[in-house]
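# Structural characterization, general
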Amino acid sequence: MASTACFMIVSKNDIPIYEAEVGTVPKKEDAAHQHQFILHAALDIVQDTAWNTSAMFLKSIDRFNDLVVSVYVTAGHILSFVMSD
Amino acid sequence: MATFLPQFQSIKSSFAHIVLSVEDVSDLWPTIKKGFEERLPFKRASLNNKTRNPVLVDELPAEFILTTDARLRSRFPQEQSLFWFREPYATIVLVTCEDLDEFKNILKPRLKLIVQNDDREWFIVYVSKAPAHNDQATKMAKKVFAKLEVDFSSKKRERCCKLDIHGPDPNFWDDLEGKIMECIRNTLDRRILFYEEEIRKLSEQRFMPVWNFCNFFILKESLAFMFEVAHLHEDALREYDELELCYLETVNMAGKQRDFGGMEKGDDQATLLDSGKKALAQIVQDDSFREFEFRQYLFSCQAKLLFKLKRPFEVASRGYSFIISFSGALALHESMLPFCMREVWVITACLALIGATASNYEDGLAAPDVEKEFYRVQGELHTLCHTKFMRLGHLVGYGSDIERSPVNSASLSMLPWPKPAVWPPLPPDASSEVLAKEKMILQESPRLKHFGIQRKPLPLEPSVLLREANRRRASLSAGNMSDLFDGRPRSGDGDSSGTPSAVQRVSNVSMSRTLSSPGNFDGSIDRPMRLAEIFVAAEHALRNTISDAELWKSLSSVEEFEKKYLDLSKGAANNYHRSWWKRHGVVLDGEIAAVHHKHENYDLAANLYEKVCALYAGEGWENLLAEVLPNLAECQKILSDQAGYLSSCVKLLSLDKGLFLPKERQAFQSEVVRLAHSEMEHPVPLDVSSLITFSSNQGPPLELCDGDPGTLTVALWSGFPDDITLESLSVMLTATNSNDEGAKAIKSSEAIVLMPGRNNITVSLPPQKPGSYVLGALTGQIGQLRFRSHSFSKGGPADTDDFMSFEKPTRPVLKVARPRSLVDLAAAVSSALLMNETQWVGIIVKPINYSLKGAVLHIDTGPGLSIAEKHEIEIEKHEFGANNTDHSDNPPDNHSPVSADVKQLSLEDGKINLPDWTSNITSVLWIPLKAISHGLAEGTPAGTVSQRQSIVDGLRTIALRLDFGVSHNQTFEKTVAVHFTDPFYVTTRVADKCSDGTLLLQVILQSQVKASLTVSDAWLDLQDGFAHTGKGDGRPVSKFFPLIVSSKSRAGILFSICVVDTPAKDGEELDPISVLNIRYTISGDRNLGAHSPVTKELTGPENETDPLTFRSALVLQRPVLDPCFAVGFLPLPSNGLRVGQLVTMKWRVERLKDSGKDVDSDDVDEVLYEVNVNSENWMVAGRKRGYTSLSTKQGSIIVISILCLPLVAGYVRPPQLGLPDVDKANISCNPPGPHLVCVLPPAFSSSYCVPAA
């Protein structure tokens, strides 16, 4: 089954520094915007969640319809997002 | 039990307070009713909750009802147990009695009868009517009350209290309240126990077939209601929560297919906050309730309690979760529900929840965290509502009015279409509406983006609506659909209405929009619906679904739709901002901006777009920024915000190249250039840091000497897609070592064309102060536009390993060395040169690691020195030491392409241009100079103190100034001293005094130069009074010429002369000086010292040069033959001289000859004497100068004594006696006085050491 997955690394200043579409769904032109938008919006949630837990892996912090966003927060507050359906 | 539901509902609705029954035995109630009711509601009631913990309740409302009241009378026992919560919680028995007998016989049995029912909590209020002044009556009342207490109170419980009507006891009311509370508490406890027991029993049967949820519900809600009435809201909420859990468990139980509900008119409007909308009896189904209504009912009960508990934020968050989960439940039953029921319900639910929670919420009600969360949920509710509303709008054909932004696209394109069992069919007689929709579709034109940006619009549909709608139509099978999209004619039902043209028409959305013709629909059910038809059909279906007039109005026209859309966006944005979810908030601001943009409210739109762009740009999300920034730019352009527009264009250009087509990027650039070259009203500097970056070139920094100009190369990266002309460009240099000094702008003079990518720009650098400099910022002009860039290139130097740091410490680009000597000028020869002859004076020009290219040497000779301008000036390479060239190991001068030949240079206005080949090597400049000395050299007679010519006399100075450096900016000045001298220093002495009066005069020649002198001839021109013996040609006795005098050596020449008396000629002065003439030649090297004079014709060093003549004056003195006086210094006392001790100096003056004047007479002659003494060393006591008488006879002697006092210790010159009147030649010093005498320090004073006698 085709799956959508996007991996992104965001620096501590919330600047995206790496982005990869890793799903098996063929990449659509508009998907980049959509995925960026969803991950960008998830930063709001990360900012609330990251400081309230000692866990580094924040499982499914956000859900956008079928897409689930998980994030791994490093000690230096570099965020590694994984978005998948 | 389920049959009691309607009754239960009515009881609930009519029952609001705790009931306290009043048993009015003695008809007292009308009298005291007022006083009792004034106590209501009870302040600070203490009750027990379900877990038997005391809970303080503020303001407990209650109602006193007489037992005779109809409300309490007509009840069946069965009801009582079920609805026990409405029974009185306390029974107050009011009695009065003023007679003991009456009490005993009548009242007591009656009371016993009343209180015998154990179920009731009761107490007796004895009302005393006795007036205060009537002691008898009062006493009696007391007695009766005492009796009453004995009979009815027990040790455990006080059940009686006394109210005095005429003099009320202030404690009575507290007592009464306490007793009432006790009763209520006890009743409540008992009833809780009862209900718990009942519920437990029912719970045990939960999995049995007889289980009936309605019964359970009635019990559970009765308990909850009882808690609610008792103001124990927490407990009530807990009961409802448990009820909900229990219901969800039963409703999800497999095997029981129940009616979901939601099919009735008005069900589309959420009732999640309105519990009374529908009677429970209506929603009963079998043994339970319909899920659709009942879950909303439960939530509304919970919400009501939460509002009472002042927790609106919890209502919001629970409500949001409820809506989400309920929406899921609706989705499961979607096929049975009306079209879009789910969407409509969610919209109404969100709106209801938003309204209720917002109106119940006051700022500061909760902790900041909770408040933040509240606003976030509000934002989420708005967003959810917004999304569903957009979906409905899209279904009825307003899709083109929805901004195709990332947020809308993400929300809608992933949200599945409604899934009705059958897509709503096109109603009959809707042709006019279809026509209208067709027209609308045709009229809509895709809004062109500014800059001609063409981009595939972001999708708002999860799949093509046309396809989805047709797929779900009842009459079209899946096979039909494949035909529809594959373009093949359908084979199944033989209906050929889907002609190939029609098939193709729907195969593409855009084509169907443009090609569908209004006359083509014939209502055939099997023909695939066109888009306009789908819209009309959906609109009709929605009209049936939506019962809320307000919501329907919002969907009725585009304007209303946009109004609602804007309201929801604003609500969401505001709430997100208040919850600090800035990204969510700002994104929605962008949606609002889009609407304003569309309606040409550019001002508002630009403001909001700026916020969005600032967020995306700040966090570097370029894909998202690229979506919004062109819109902002367009608004700014329309608003004539040139500065903003330019800045937006620059930002667009600096975005990732892949985000825009080259053509679009060129459009951005042309806008920048167009504006830059137009007359801007308010020219502002433009920050192009993201577009034009710069860095120093790789490699070491440019190193300059102090004061030198230079050229600095800077690498510039241009992000413009095409070449761009910069009218000017300045690079700011910032000194790293000094804080006070600001940055200096280095300007590039001419216009520069920047190509895309890397450019190397060279700027000329004026002299800078010493220090190291880094690149500060770049400023310049494009047309009229000033721009500024202060970002260092990321792509430049290879050491950008740290990707994160944009502000990395910069490498110095320029180092200006501290002032140092760059060149040295020195005289090549330190030994003396020939005076009065033209000599080569060598000046060594030594560059010190600095090029002297183009250097000019200014020569200014001092007094007594002149440049022989007839001669060329020579320059040659300087050899360090004569042996350097002998080292065969060293390749000869391979570091310099210049031959070591001597080159001629000419002097112009005292300046010499140094040839280029000397720029890096040490060279010697030979300048022909002539030192002039007008005096004749003087010889010194033998025996006299040497009075050799002072060196200073032969010193001449040459002031040199060297202008050099890249632009003659460096100057080096030096004054070089050159020493000139005569070739010989001449001394004479009389070698022998012959008996015949001949004197052998020896002339000693001391060579003073570092050269070999060859004397070819010498003669002496004698002064008057002397004559040569012999031939008299003045030549020396011996003729050993040529006489070679080597460097620094001496030679002697003998002359034979005699003394002659020269008769004095009248009017002629006697020649007092003899002159020694020497003819000589010199052979020397100019590299060592004196050498042959420079002649005009350079015939070569081998050729004989003309002999030179040297003349020296000699003073010959006639011998002193007849001393007249002898002055002898008499010995000093032997004990030596001491400071401060007087000493007598004695001289003996003896006349050696008779005075020539008057020999016969015995007269004495007065002799003048004088003591020469240094007054610093000696003090003379007495006269220094005076006459003393001395006999004129030969041999007469006189002793002159002078008392002196030495003043300083040490070797000092003693006083000298002189005879001023007598010629020195006639004084013989015999014995001569000492040159120095020793003066001892003063004797130590012993006066302090001698003890007093």
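Each value, and the rule that gives it
- Residues numbered from 1 in each chain as written.
- Chains lettered and ligands numbered in written order.
- Predicted model: local features only at pLDDT ≥ 70, side-chain atom pairs only at ≥ 80, totals over all residues.
- Heavy atoms only, no water.
- Helix = DSSP H or I, 4+ residues; strand = E, 2+ residues; numbered from the N terminus.
- Buried < 20%, exposed > 50% of the residue type's maximum accessible area, 1.4 Å probe, protein only.
- Contact = heavy atoms within 4.5 Å.
- Areas by Shrake-Rupley, 256 points an atom, 1.4 Å probe, with all protein chains shown as cover.
- Pairing = 2+ DSSP bridges.
- Buried area = accessible area lost by both parts, 1.4 Å probe.
- Salt bridge = Lys/Arg side-chain N within 4 Å of Asp/Glu carboxyl O.
- Polar contact = N/O pair within 3.5 Å; in protein donor to acceptor, adjacent residues only side chain to side chain.
- Nonpolar A, V, L, I, M, F, W, Y, C, P; charged D, E, K, R; others polar.
- Core = buried A, V, L, I, M, F, W, Y, C linked by side-chain atoms within 4.5 Å.
- Phe/Tyr/Trp six-rings, centres within 6.5 Å; stacked < 30°, edge-to-face > 60°.
- Patch = residues over 30% accessible without salt bridge, like charges linked within 9 Å, V, L, I, M, F, W, Y side chains within 5 Å.
- Lys, Arg positive; Asp, Glu negative; His and termini not counted.
- Charge placed at Lys NZ, Arg CZ, Asp CG, Glu CD.

Under an unreviewed UniProt entry, the name given to chain A is Trafficking protein particle complex subunit 2, and the source organism is Salvia splendens.

### Considerations on the overall build of chain B
Regarding its fold elements, chain B presents 29 helices and 53 strands. Counting all 1253 residues of chain B, 49% fall into the buried class. Within chain B, contacts between residues at least 6 apart in sequence are counted, and of these 76% link residues at least 24 apart. Carbon and sulfur atoms provide 51% of the accessible area of chain B, an area that totals close to 61000 Å².

### Some points on the pairing of strand 45 (residues 1143–1151) of chain B
Residues and elements named next belong to chain B. Because side chains alternate across strand 45, one face comprises the buried residues Val 1143, Met 1145, Trp 1147, Val 1149 and Arg 1151, and the other comprises Thr 1144, Lys 1146, Arg 1148 and Glu 1150, none of which is buried. Direction of pairing for strand 43 (residues 1125–1129) relative to strand 45: antiparallel, over a ladder of five bridges. Looking at strand 45, one finds that Ala 1126 is bridged to Glu 1150. The pairing of strand 45 with strand 49 (residues 1197–1206) spans eight bridges and is antiparallel. Looking at the pairing, Lys 1146 lines up with Ser 1201 of strand 49.

### A word on the interface of chain A and chain B
Listed per partner, the contact involves 27 residues of chain A and 31 residues of chain B. Summed over the three residues of chain A that lose the most area to chain B, namely A:His33, A:Phe37 and A:His40, the buried surface amounts to 27% of that side. At the junction of chain A and chain B, the tally comes to three salt bridges. Note that A:Asp44 and B:Arg583 form a salt bridge whose closest N and O atoms lie 3.0 Å from each other. If you look at where chain A meets chain B, you find 12 residue pairs in polar contact (both at pLDDT 80 or more). The set of elements that each furnish at least two residues to the side of chain A that touches chain B consists of strand 1 (5–10), strand 2 (16–21) and helix 1 (31–49) of chain A. The greatest single-element share of the side of chain A that touches chain B, amounting to 14 residues, is contributed by helix 1 of chain A. Looking at the side of chain A that touches chain B, its residues break down into 14 nonpolar, eight polar and five charged.

### Digging into the nonpolar core
Grouped together as the largest cluster of nonpolar side chains are 253 residues, with contacts concentrated most on A:Phe81, B:Phe36, B:Val125 and B:Phe217. Residues contacting B:Phe36, with those up to four places away along its chain left out, are B:Trp29, B:Phe64, B:Ile92, B:Leu94, B:Val125, B:Leu163, B:Phe172, B:Trp173 and B:Leu176. B:Val823, B:Leu852, B:Ile912 and B:Val976 belong to the second largest nonpolar core, which has 35 residues in total.

### Section: the pattern of salt bridges
Going through the model one piece at a time under the given rule, you end up with 49 salt bridges over all chains. B:Lys179 is the salt-bridge partner of B:Asp175, the closest N and O atoms lying 2.9 Å from each other. Remark: B:Lys179 and B:Asp175 occur in helix 7 (residues 170–204); sequence separation between them is four residues, near one turn of the helix. Residue classification places B:Lys179 among the buried residues on the basis of a relative accessible area of 6%. One connected set of salt bridges, linked through shared partners, spans A:Asp14, A:Asp44, B:Lys582, B:Arg583 and B:Glu619.

### Digging into the sheet that holds strand 41 (residues 1074–1083) of chain B
Residue and element names in this part refer to chain B. Strands sit in the order 31-42-41-37-39 across an open sheet of five strands; the sheet is mixed. On the outer flanks of this sheet lie strand 31 (937–938) and strand 39 (1043–1045), each paired with one strand and no other. In the sheet, strand 37 (residues 1012–1021) pairs with strand 41 via nine bridges, with the strands oriented antiparallel. Paired with Asp 1021 across the two strands is Val 1075, which belongs to strand 41.

### Focus: the side chain of B:Arg1151
Residue and element names in this part refer to chain B. Within the element layout of this structure, Arg 1151 appears in strand 45. For Arg 1151, a relative accessible area of 4% gives the class buried. Here the side chain of Arg 1151 touches Ser 1191 through a polar contact of 2.6 Å, landing on its backbone oxygen.

### Side note on the packing of aromatic side chains
All names here are of chain B. This model, assessed by the stated rule, comprises 48 aromatic pairs over all chains. Ring plane angle 20° and centroid distance 5.2 Å describe the contact between Phe 322 and Phe 326, whose orientation is recorded as stacked. Of this pair, Phe 322 and Phe 326 both sit in helix 12 (residues 312–332), four residues apart, which is roughly one turn of the helix. Residue Phe 322 shares its accessibility class with Phe 326, and that shared class is buried.

### Considerations on a nonpolar patch on the surface
A contiguous nonpolar surface patch, about 270 Å² in accessible area, is contributed by A:Met56, A:Phe57 and A:Tyr72. As for its position among the elements, A:Met56 is in the loop between helix 1 and strand 3 (57–64).

### A closer look at the sheet that holds strand 50 (residues 1210–1212) of chain B
All names here are of chain B. Across the sheet, three strands lie side by side as 44-53-50; this open sheet has mixed pairing. Here the strands that pair on one side only, and so sit at the sheet edges, are strand 44 (1137–1138) and strand 50. One ladder, built from two bridges, connects strand 44 with strand 53 (residues 1237–1240); its direction is parallel. Pairing of Arg 1138 across the sheet is with Leu 1240, part of strand 53.

### Some remarks on the environment of B:Leu1207
Residues and elements named next belong to chain B. By secondary structure assignment, the location of Leu 1207 is in the loop between strand 49 and strand 50. Its relative accessible area of 35% is what places Leu 1207 among the partly exposed residues. Between the C-alpha atom of Leu 1207 and that of Met 1179, which follows or precedes it by 28 residues, the distance is 6.8 Å. Beyond its immediate stretch of four places on either side in the chain, Leu 1207 contacts Val 1139, Ser 1175, Glu 1176, Asn 1177, Trp 1178 and Met 1179.

### Some thoughts on the environment of B:Leu588
All names here are of chain B. Within the secondary structure layout, Leu 588 lies in helix 24 (residues 582–598). With 11 residues separating them along the chain, Leu 588 and His 577 place their C-alpha atoms 9.9 Å apart. Excluding residues within four positions of it along the chain, Leu 588 makes contact with Thr 383, His 386, Ser 569, Ala 572, Ala 573 and Tyr 576.

### Digging into a negative patch on the surface
A grouping of B:Glu98, B:Asp99, B:Asp101 and B:Glu102 is seen on the molecular surface, where their side chains present a negatively charged patch. With respect to the element layout, B:Glu102 can be found in helix 5 (residues 100–115).

### Quick look at unusual backbone geometry
Omega for the bond connecting B:Leu40 with B:Pro41 falls within 30 degrees of zero, at -15°, which places this linkage in the cis form. As for its position among the elements, B:Pro41 is in the loop between helix 2 (29–37) and strand 2 (45–48). Positive phi outside glycine occurs at A:His77, with the angle close to 60°. With respect to the helices and strands, the residue A:His77 is situated in the loop between strand 4 (67–73) and strand 5 (79–84). Here the phi dihedral of B:Arg52 falls at roughly 65°; this positive angle occurs in a residue that is not glycine. On the basis of relative accessible area, B:Arg52 is assigned to the partly exposed category, the value being 34%.

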